[in-house]
Amino acid sequence: RNHFWWRITQCMANEHPMYYSTGSACDVKVEFEDWESKYTPGSWDASGLYDTMEECCIAEFWFDIDGCLGDSPRDTTFEFSFDIAQLHEPTNCQDADIFANAIGVGIDNVLGGTSTAEVQSVGCATISRNYDTGNPECGGCISGTFIGDYDGRAVNLGDATGIVTTISGIITTTSTTCSDAACFEELINSAIDKFSTSVTDGSLTDAIIAWAYERLPPVKQLWDTWVVTTSFDSSTGTNPFTITADSTSGLEVTVGGSFDINFDFTQVTTVADLKLLATYFTNAITSTLDDEGNLPSGASIELTTICGVDLATATDPVECSSTSSAIEYTSTMYLAHDADAEAITTSVSDALSNPTTIQGVTSAVIAEASAGVSVPLIQVTTSGSLSVTNFDTTSFTADETAEAFTFFEDAILETLVSQGLVSPGSSVVVTSISSGSIQYNLITHVDASVDTTSATSEIQTALSSSSTMTAISTSVITAASTSSSTTLSTATESLAVSSSAVGTPIESDVFKVTTSGEFSVPSLDLSTLTTSAEIIEASKYFEDAITEQLESAGLLPAGSTVTITGIVDGVVEYEIALYASTTSASETTVSRIGNLFSGSASSTVLRAISSSVESA
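Residues numbered from 1 in each chain as written. Predicted model: local features only at pLDDT ≥ 70, side-chain atom pairs only at ≥ 80, totals over all residues. Heavy atoms only, no water.

Enquirer: Give me the overall build of the protein: which residues, what numbers.
Expert: Check the secondary structure of the protein and you find 16 helices and 20 strands. Per-residue burial for the protein yields a buried fraction of 44% across its 616 residues. Considering only contacts in the protein between residues 6 or more positions apart, those separated by 24 or more positions represent 74%. Surface summary for the protein: the accessible area is close to 30,000 Å², and the carbon and sulfur share equals 50%. (Helix = DSSP H or I, 4+ residues; strand = E, 2+ residues; numbered from the N terminus. Buried < 20%, exposed > 50% of the residue type's maximum accessible area, 1.4 Å probe, protein only. Contact = heavy atoms within 4.5 Å. Areas by Shrake-Rupley, 256 points an atom, 1.4 Å probe, with all protein chains shown as cover.)

Here it is as structure tokens:
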């Protein structure tokens, strides 16, 4: 900064791919001459450097953007991170830049071709580029620092044994031959696979160390480091032919409209009903327009009003009584800069005025309402443990251990449900059991508005109370007393839960979809079930049998539940709550379950269920 203020970019070797005008198109390169660096931002002699090809074409070839885009190379980027062992975090900006560039060169040497790495953070230190000046800027734990030693060498911070530092940044891959989204998608995946392989096979470690020796002055701090082979992570990447809300070019177009639909709204009485119906209609409109080819890729539909009720301000009770009402919506689309926005938005409006399209939407809503809809939730997985006394498991067989698992699972869950701390659809999975400790995972599903940390704290408080621990102990003892295993019943007769611990909740996004059905089992005489206790016991047997069949078919994701809702006149009625990471996955699973109980394999499945229930 003091001695090379006019060319800090070159002084610190902060290479970064930038686009510039060749006179006839935009091209990209990393290394620029002194006079090419944007050292006088806003001045008449400032260099025209741009972060993306779109920005370059728009600024330099505003009179022929299409021609520039067609003649210029395009690039794609993805984010990455990995860990390096035995590397101290930098203490100043110059050291961060030295580490970042040395590691970046190692990555470039591994990826080869037209891929360029930009390391943006080394541990707690961040390195960014000021696109007005072209100079590096540091932040994070080294914000405000600039230089360490004046000899171009990083500061020696001593022994780094046991220290692991996370490296993150972006990879930019440029292509002059890819001309569509599919080609760039293949290019992105290829670069990610190559990067990932270099981490796992050690070749990235070799490349970084090799450059650390070769560089002048060398980077001795990297000589004894290695990349942790299991630490690679990456984003999916950006595709220059796919326009999104994050794209640097293109058009964001929003169109609003309304259409009348013949639908019975009399059952919609709460805000929850209204929002569920809005989800049905949003899914139906999106899928119908997409099937007709009237919805651009990446476009979204948002309903604003149903039967005269504003979704944003609706309150209970909802007054929605008309059988023929308007639905108002907005559609947001991301289009290429040269797209005919008016024609595209008109096609959406025309489609939603077409009686055939409206009928398709109505049919889809009715079908989805009857089959269940995917509802976004938060899945919370919490590990826990119970310390137990007077419980000797050393002589248990594998079957006895498995049976003990179910006793504790049922006892923990029933106790938490009875206290209103988790919903009945939650599940407890015991992972290990020994003479002194029970390890388990609690899986619950909650709305995004729930404070999971507070909820977990309440669970811990409840499980630590003497009354709750006594209730769990009593439940296990009672269940074990009915076991056919005298070893198991004897081992638990004096059991006592003495303490409890609950871990930190882990959250993940899931979608819930509920499906229901019924089936008859001619081989079983269910008319003999006359008391509520008998029906409850039989229901448990059927739940276990159905769960076993679905799990063996790979159709019951973790946390999903099977509930028998009734056994009437020899017919078993059931409800299945499924949780999956995507809407399509949950709804596809529902469809496959329907086929399992009604398709060609149904007789085999029902026989297996009957056999399991008879055995129980």
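Enquirer: Go over the packing of aromatic side chains, please, and point to the residues and values.
Expert: Aromatic ring pairs are defined here through the distance separating the ring centres and the angle between the ring planes. Across all of its chains, the model carries ten aromatic pairs by this definition. Centre to centre, the rings of Phe391 and Phe396 are 5.9 Å apart; their planes meet at 70°, and the pair counts as edge-to-face. Ring-pair connections join several aromatic residues into one group, and the members of that group are Phe80, Phe82, Phe195 and Phe232. (Phe/Tyr/Trp six-rings, centres within 6.5 Å; stacked < 30°, edge-to-face > 60°.)

Enquirer: An account of unusual backbone geometry is requested, with residue identities and associated values reported.
Expert: Backbone torsion omega between Leu216 and Pro217 reads -10°, so that peptide bond is classified as cis. Take Pro217: it is sitting in the loop between helix H6 (203-214) and strand E8 (226-227). Cis geometry is adopted by the peptide bond preceding Pro317, which originates at Asp316 and carries an omega value of -5°. Topologically, Pro317 is positioned in the loop between strand E12 (309-310) and strand E13 (324-335). For Gln86, which is not glycine, the phi torsion reads 65° and is therefore positive.

Enquirer: Describe the side chain of Thr305, listing the residues and the values that go with them.
Expert: Looking at the secondary structure, you find Thr305 in strand E11 (residues 300-306). Taking the relative accessible area as the measure of exposure, Thr305 reaches 12% and is therefore buried. Discounting residues that sit within four places of it in the chain, Thr305 has contacts with Asp310, Leu311, Ala326, Ile327 and Glu328.

Enquirer: Please set out the state of the cysteines residue by residue, giving values where relevant.
Expert: Applying the stated criterion across every chain, the model contains three disulfides. With a sulfur-sulfur separation of 1.9 Å, Cys93 is cross-linked through a disulfide to Cys138. With the S-S dihedral at roughly 70°, the linkage between Cys93 and Cys138 falls on the right-handed side. Here Cys93 is found in helix H4 (residues 93-111), whereas its partner Cys138 is found in strand E6 (residues 136-140), with 45 residues between them in sequence. The exposure class of Cys93 is buried, given its relative accessible area of 2%. Since its relative accessible area comes to 17%, Cys138 is described here as buried. (Disulfide = S-S within 2.5 Å.)

Enquirer: Got a sec to walk through the pattern of salt bridges? Specific residues and values, please.
Expert: Counted under the stated rule, the structure contains one salt bridge. Here Lys540 makes a salt bridge to Asp544, at a shortest N to O gap of 3.0 Å. With a gap of four residues between them, Lys540 and Asp544 both fall in helix H14 (residues 532-552), about one helical turn apart. (Salt bridge = Lys/Arg side-chain N within 4 Å of Asp/Glu carboxyl O.)

Enquirer: Which residues make up the pairing of strand E16 (residues 437-446), and what values do they have?
Expert: The buried fraction of E16 amounts to eight of the ten residues, a majority that puts the element mostly inside the structure. Pairing of strand E15 (residues 427-433) with E16, which is carried by six bridges, proceeds in the antiparallel orientation. Within the sheet, the bridge partner assigned to Val430 lies in E16 and is Tyr440. (Pairing = 2+ DSSP bridges.)

Enquirer: Describe a negative patch on the surface, with residues and values.
Expert: Taken together, the side chains of Asp451, Glu458, Glu507 and Asp509 make up a negatively charged region of the molecular surface. Here Glu458 lies in helix H11 (residues 452-464). Residue classification places Glu458 among the partly exposed residues on the basis of a relative accessible area of 49%. (Patch = residues over 30% accessible without salt bridge, like charges linked within 9 Å, V, L, I, M, F, W, Y side chains within 5 Å. Lys, Arg positive; Asp, Glu negative; His and termini not counted. Charge placed at Lys NZ, Arg CZ, Asp CG, Glu CD.)

Enquirer: Which residues make up the environment of Asn189, and what are the values?
Expert: Along the chain, Asn189 turns up in helix H5 (residues 181-200). Separated by 47 residues in the primary sequence, Asn189 and Thr236 have C-alpha atoms spaced 8.1 Å apart.

Enquirer: I'd like a rundown of the nonpolar core, residues and numbers included.
Expert: By size, the foremost hydrophobic cluster in this structure holds 38 residues, and its most contacted members are Ile261, Phe265, Leu277, Phe281 and Ile306. Only strand E10 (251-262), helix H7 (271-292), E11, E13, helix H8 (341-351) and helix H9 (355-371) provide two or more residues apiece to this core. Looking at which element gives the most residues to this core, the answer is H7, with nine residues. Core analysis: the next-biggest nonpolar cluster, separate from the first, contains 37 residues, Ile84, Ile107, Ile188 and Phe195 among them. (Core = buried A, V, L, I, M, F, W, Y, C linked by side-chain atoms within 4.5 Å.)

Enquirer: Please set out H14 residue by residue, giving values where relevant.
Expert: Under the 1.5 Å per step criterion, the end-to-end length of H14 is 30 Å for 21 residues, consistent within 8% with the ideal 30 Å. Looking one or two places after H14, you find Gly554, whose phi comes out positive at around 70°. (Expected span 1.5 Å × (residues − 1).)

Enquirer: Tell me about H6, residues and numbers included.
Expert: Between its terminal C-alpha atoms H6 stretches 16 Å, which fits the 16 Å expected from twelve residues at 1.5 Å a residue. Restricting attention to buried positions, one finds in H6 the residues Leu204, Thr205, Ala207, Ile208, Ile209 and Ala212. Packing partners of the buried residues in H6 comprise strand E3 (74-85), H4, H5 and E8.

Enquirer: Would you mind going over the confidence of the model for the protein in detail, with residue names and values included?
Expert: When pLDDT is averaged across the protein, the result is 80; 82% of the residues are at 70 or more. Across the protein, the element-wise mean pLDDT spans from 46 in helix H1 (residues 8-11) up to 95 in E8. Note on residues 1-10: pLDDT is under 50 here. Beyond four places in sequence and across chains, it has 17 contacts. (pLDDT = per-residue confidence, 0-100.)

Enquirer: So what about the side chain of Ser500? Which residues, and what values?
Expert: Looking at where Ser500 falls in the secondary structure, it is placed in strand E17 (residues 496-502). Of the residues examined, Ser500 reaches a relative accessible area of 13% and is grouped as buried. In this view, Ser500 contacts Ser385, Leu386, Gln460, Leu463, Ser464 and Met469; residues no more than four positions away in its chain are not counted.

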